[in-house]
There are 2 protein chains.
Amino acid sequence: MVQEFDVLVLGGGYAGLLAALRLGKRLAGKPFRVGLVDRNPYHTLVTELHRVAAGTASPTAVRIPFAKILKDKPVSFVRAEVHALDLRERRVDTSAGALHYKILLVALGGEAETYGIPGVAEHALSATALAPARLFRYRLEHNLARYAYTQDDAFRTVVIGGAGFTGVELAGELAFRAPDFREAFDLPDTEGGLRIFVAEATDRALPPFPEELGRYAARRLAERGVRFLFGSPFREVREEGVLLGDGTFLPARTVAWCGGVRAPEVLRRAGFPIQNGRIPVGNDLRVPGFEDVFAVGDVAFFVDEDLGPLPPTAQTAIQMGPQAAENAAALLTGGSVQPLRAKNRGAVATLGPQDAVGCLYGRYRIYGRLAFWTKRAIEMRYLAILRREAGWYTP
Amino acid sequence: MVQEFDVLVLGGGYAGLLAALRLGKRLAGKPFRVGLVDRNPYHTLVTELHRVAAGTASPTAVRIPFAKILKDKPVSFVRAEVHALDLRERRVDTSAGALHYKILLVALGGEAETYGIPGVAEHALSATALAPARLFRYRLEHNLARYAYTQDDAFRTVVIGGAGFTGVELAGELAFRAPDFREAFDLPDTEGGLRIFVAEATDRALPPFPEELGRYAARRLAERGVRFLFGSPFREVREEGVLLGDGTFLPARTVAWCGGVRAPEVLRRAGFPIQNGRIPVGNDLRVPGFEDVFAVGDVAFFVDEDLGPLPPTAQTAIQMGPQAAENAAALLTGGSVQPLRAKNRGAVATLGPQDAVGCLYGRYRIYGRLAFWTKRAIEMRYLAILRREAGWYTP
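Residues numbered from 1 in each chain as written. Chains lettered and ligands numbered in written order. Predicted model: local features only at pLDDT ≥ 70, side-chain atom pairs only at ≥ 80, totals over all residues. Heavy atoms only, no water.

**Digging into the overall build of chain A**
Convention followed: Numbering goes from the N terminus for both helices and strands, where a helix is a DSSP run of H or I of at least four residues and a strand is a run of E of at least two. When we talk radius of gyration, it's over C-alpha atoms, and the globule rule is simply 2.2 Å times the number of residues to the 0.38. Think of it in three bands: residues with accessible area under 20% of the maximum for their type are buried, residues over 50% are exposed, and the middle band is partly exposed, with areas taken using a 1.4 Å probe on protein chains only. When charges are counted, neither His nor the chain ends are considered; positive counts come from Lys and Arg and negative counts from Asp and Glu. We put the charge of a Lys on NZ, of an Arg on CZ, of an Asp on CG and of a Glu on CD.
A tally of regular secondary structure across chain A gives ten helices and 25 strands. Against the 2.2 N^0.38 benchmark of 21 Å for 395 residues, chain A shows a C-alpha radius of gyration of 22 Å, consistent with a compact globule. Expressed along its principal axes, the backbone C-alpha trace of chain A runs to roughly 65 × 45 × 40 Å. In chain A, buried positions account for 56% of the 395 residues. Computed over 49 positive and 43 negative side-chain charges, the separation of the two mean positions in chain A equals 6 Å.

Written as structure tokens, this is what we have:
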């Protein structure tokens, strides 16, 4: 089956979904067809996935069905896996057949950047999507249940690779759940029951933040039993544990890889240019050399004149998505494309459900409960934007 | 370290715990030492284990710490694994050292009776104790999380071996949770998402019950998607599934074995007589040939004059434990032992959290919600007995 679209959006994450909704709005009543492709029937709140991985949020609590969001919208949803792109033929091959487009918005999100470290792809899980975050949670709980049979510490040991945002947030949630794990799984009282290690190649936590914030995060988590191993890159991951850069072998049955994301393999194979693991885009979010292709969200590498390269965060995604949609609509309707004017509102990393650390507008540093509630406010703000774009607001 | 006891109770299940409490009461103030040995620091509500296995009860909800029950009681609790018994030397070798006794009460509960079927011990789990019931739950959830990666139906298939009490109750709880599983793990809508098979060697469910009750249970569970395979004994269990008697291979990653219990291996090695997989006892609950050894609960094979062989149930255990304690106290204090006068109050099997089927006093048949609440009342009754024996009642 072949389907034709004027604008086709690949990926219904933060950038892709907001782009599709904006396109639906701009092109409503006009003879243009907008499509949104996603492998899942639901939009995932990716910033909550570390909580799914730790088990402090259920898999069903972090998703919203596309059917609900796109109800009555002039956007066709196609549930499909993207298998290949032919950029010359303007065709996307999917598990639901071939899709043709005039304009393409690529918003497929990131996959784990493994830097070619052996065993990471096979034995470590990343909270880049719902399925691996969920699998991490149940693998951990299964291993803790197996501990009673083996008394082997590897079954109650978690190693997190990377002390960036995701790694720190996951460690914080796991440390919070550790007392419950100890009781439910009869773990020993020593060492907090659950053993949590964070192995980081550099000498600090939360690299994009000012140094004192990383120190605060590491100290607070250490107080809750998390052990940070700085200057300790992963050399290899095996079923039984992690080999670190200095040759130390850390026995552990549950390993998370939080070393960053890159554009998915299917895009590399399609012949997109790649820079720093991502697809470089111009200030109008188009891919150089492709007049009819936009890239947004975690797959896109955008360098702002003032802010420098934008980090692959939800905040970046929700600025890119609508702007790319405006530009795609302009191309179809004879308008002119506009550059993205990015804002850096800052970022907050949670350290479990009552503590956090953050840096706002590049200047203000916040800690503890204030930071935690700021993080919650940021998440609420995204949901408010989503409701506004989806037209759920009733006056 | 050697410890000496006048009466030593092995196992703190229903029979052993009630025996220890009764001994503490009878011998209070007298120069006798009573010991209770268990591998866990808590008493487990074994009749609830099928709910732990299905995930409808948490592992921590079905246990009570011995420290709480035995507080202020003249009973010494020894947390230890029983390694070996020397019945001639009156010595029990445990992970906490050697324990000597004058009188022994064996109440170690049952282990799975596998009838020598290959692979059952390695690849199937039984809800005979907290650890395997808990492991079953987390193995199942882990396999369901893996389904998203493989789309292999074996990962969403559970096979239960045996349609006796435990098998039917487990199937009922799993069928109840199936809709939640389907949503949380993105299982397909077809076949209820979770595939539940019950393979039974005979041609009916709930063999000890009147036939119409077994038919009712099978019909109600079939309505909720459970597939019964009658005349289908397990021939072999492998990591990938179950080979049935007729040569059919049923691919399944999660297998429960509910084929009955027998006396643990450590007792067989100790030279106890074995009959029908259990230790035969006289009507005073002593083991023939051993004047100073009582056996109670699931390990004991007791034939009542009127009722015939007593089934290995909680109801049997809570009648045996206190009677054996009375007799043991009588031996120490110069009294005379009395025979157990067993009563058959009947039994109820739950079919999920709102349905059940039961037979009371050998005559009355009950179904549905009435049966379910009768089951709850039976469980409450045990807790009331426990509180009374432990002296928790305040007037």
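Next, the rest of the story.
**Some words on the relation of the copies chain A and chain B**
Rules: Least squares is the method used to superpose the copies, on C-alpha atoms of residues holding a pLDDT of at least 70 in both. A contact between two residues is defined here by any heavy atoms of the two lying within 4.5 Å.
Overlaying chain A with chain B gives an RMSD of 0.0 Å, the required rotation being 180° about an axis along which the chain moves by 0.0 Å. Taken together, the rotation and translation relating the two chain copies correspond to the operation of a two-fold axis. Residue by residue, 95% of the interface of chain A is reproduced at the interface of chain B, so both copies engage with the same surface.

**Quick word on helix 6 (residues 165-184) of chain B**
Along an α-helix, a turn takes 3.6 residues, which lines up residues three or four apart on a common side. To keep it simple, the criterion reads: Helix span, as expected, comes to 1.5 Å for every residue beyond the first.
With 20 residues, helix 6 of chain B extends 29 Å between its outermost C-alpha atoms, agreeing within 8% with the 28 Å of an ideal straight helix rising 1.5 Å per residue. Remark: aspartate 186 of chain B follows helix 6 of chain B within two positions and exhibits a positive phi of approximately 55°.

**Overview of the pairing of strand 24 (residues 356-360) of chain B**
Residue and element names in this part refer to chain B. We count it as follows: If DSSP finds at least two bridges between two strands, the strands pair.
Burial runs high along strand 24: five of the five residues are buried. Side chains Ala356, Gly358 and Leu360 project from strand 24 onto one buried face, and the interleaved Val357 and Cys359 project onto a second face that is buried too. The sheet contact formed by strand 23 (residues 346-350) and strand 24 spans five bridges and is antiparallel. From the neighbouring strand, valine 348 faces strand 24, where its bridge partner is glycine 358. The turn joining strand 23 and strand 24, which pair antiparallel and follow one another in sequence, is formed by five residues; a positive phi near 90° is taken by glycine 352. Bridge analysis of strand 24 against strand 25 (residues 364-367) gives four bridges, and the strand direction is antiparallel. Across the sheet, residue leucine 360 finds its bridge partner in strand 25, namely tyrosine 364. The hairpin turn running from strand 24 into strand 25, its antiparallel successor, is three residues long, and tyrosine 361 in that turn takes a positive phi close to 50°.

**So, the domain arrangement of chain A**
All names here are of chain A. Under the convention used in this document: Each domain span listed reflects an automatic or database assignment of domains. The quantity reported as buried area is the accessible area (1.4 Å probe) lost by two parts once they are put together, taken as the sum for both. Every case where a carboxyl oxygen of Asp or Glu lies within 4 Å of a side-chain nitrogen of Lys or Arg is listed as a salt bridge. Definition of a polar contact: a pair of N or O atoms within 3.5 Å, with one able to donate and the other able to accept a hydrogen when the atoms are protein atoms, and with sequence-neighbouring residues admitted only if both atoms are side-chain atoms. For this scheme, ten residues count as nonpolar: Ala, Val, Leu, Ile, Met, Phe, Trp, Tyr, Cys and Pro. Four count as charged, namely Asp, Glu, Lys and Arg, and the remainder, Gly too, count as polar.
Split into domains, chain A comes out as domain 1 (2-110 + 263-343) and domain 2 (120-257). On a C-alpha basis, the centres of domain 1 and domain 2 stand 32 Å from each other. Taken residue by residue, the interface counts 16 residues in domain 1 and 16 residues in domain 2. Between domain 1 and domain 2, roughly 1300 Å² of surface is buried when both sides are summed, and carbon and sulfur atoms account for 67% of that area. Two residues, glutamate 173 and arginine 51, come together in a salt bridge whose shortest N-O distance is 4.0 Å. Our enumeration of links across domain 1 and domain 2 arrives at two residue pairs in polar contact (both at pLDDT 80 or more). Counting residues per element, the ones that place at least two in the side of domain 1 that touches domain 2 are strand 3 (42-44) and helix 2 (49-54). For the side of domain 1 that touches domain 2, the element with the most residues is helix 2, which contributes six residues. Grouping the constituent residues of the side of domain 1 that touches domain 2 by class yields nine nonpolar, five polar and two charged.

**A look at helix 9 (residues 314-333) of chain A**
Along its 20 residues, helix 9 of chain A runs 29 Å from first to last C-alpha, staying within 8% of the 28 Å computed at 1.5 Å per residue. In terms of burial, helix 9 of chain A is largely enclosed, as 16 of its 20 residues are buried.

**A look at the UniProt feature "domain: FAD/NAD(P)-binding" (unreviewed entry) in chain A**
Condition: UniProt positions are given in the numbering used here, feature names are shortened, and annotations may be inferred rather than shown by experiment.
As annotated by UniProt and renumbered to match this structure, "domain: FAD/NAD(P)-binding" (unreviewed entry) occupies residues 5-321 of chain A. Helix and strand shares over residues 5-321 of chain A are 30% and 28% respectively, and the end C-alpha atoms of the span are 18 Å apart.

**Considering the environment of threonine 248 of chain A**
All names here are of chain A. Inspection of the secondary structure puts threonine 248 in the loop between strand 14 (241-244) and strand 15 (249-251). Take threonine 248: its relative accessible area is 37%, and that puts it in the partly exposed class. Residues threonine 248 and glutamate 212, 36 residues apart in the sequence, show an inter-C-alpha distance of 28 Å. Filtering out sequence-adjacent residues up to four positions away, threonine 248 remains in contact with Val242 and Leu243. A distance of 2.6 Å separates the side chain of threonine 248 from the side chain of aspartate 246, its partner in a polar contact.

**Observations concerning unusual backbone geometry**
Residues and elements named next belong to chain B. The phi torsion at leucine 206 lies on the positive side, around 50°, for a residue other than glycine. Mapped onto the fold, leucine 206 is located in the loop between strand 11 (195-200) and helix 7 (211-223). Positive phi outside glycine occurs at leucine 285, with the angle close to 75°. Judged by relative accessible area, leucine 285 falls into the buried class, the value being 0%.

**What to know about the pairing of strand 10 (residues 157-161) of chain B**
Residue and element names in this part refer to chain B. The criterion, for reference: By convention a crossover is right-handed if, when the strands point away from the viewer, the path from the first strand over the helix to the second runs clockwise.
For strand 10, the buried fraction is high: five of the five residues fall into the buried class. Side-chain alternation along strand 10 places Thr157, Val159 and Gly161 on one buried face and Val158 and Ile160 on a second face that is also buried. Bridge count between strand 10 and strand 11: five bridges; the pairing is parallel. Directly across from valine 158, in strand 11, lies its bridge partner isoleucine 196. In this view, the connection linking strand 10 to its parallel neighbour strand 11 by way of helix 6 has right-handed handedness. As paired strands, strand 10 and strand 16 (residues 254-257) are joined by four bridges and run parallel to one another.

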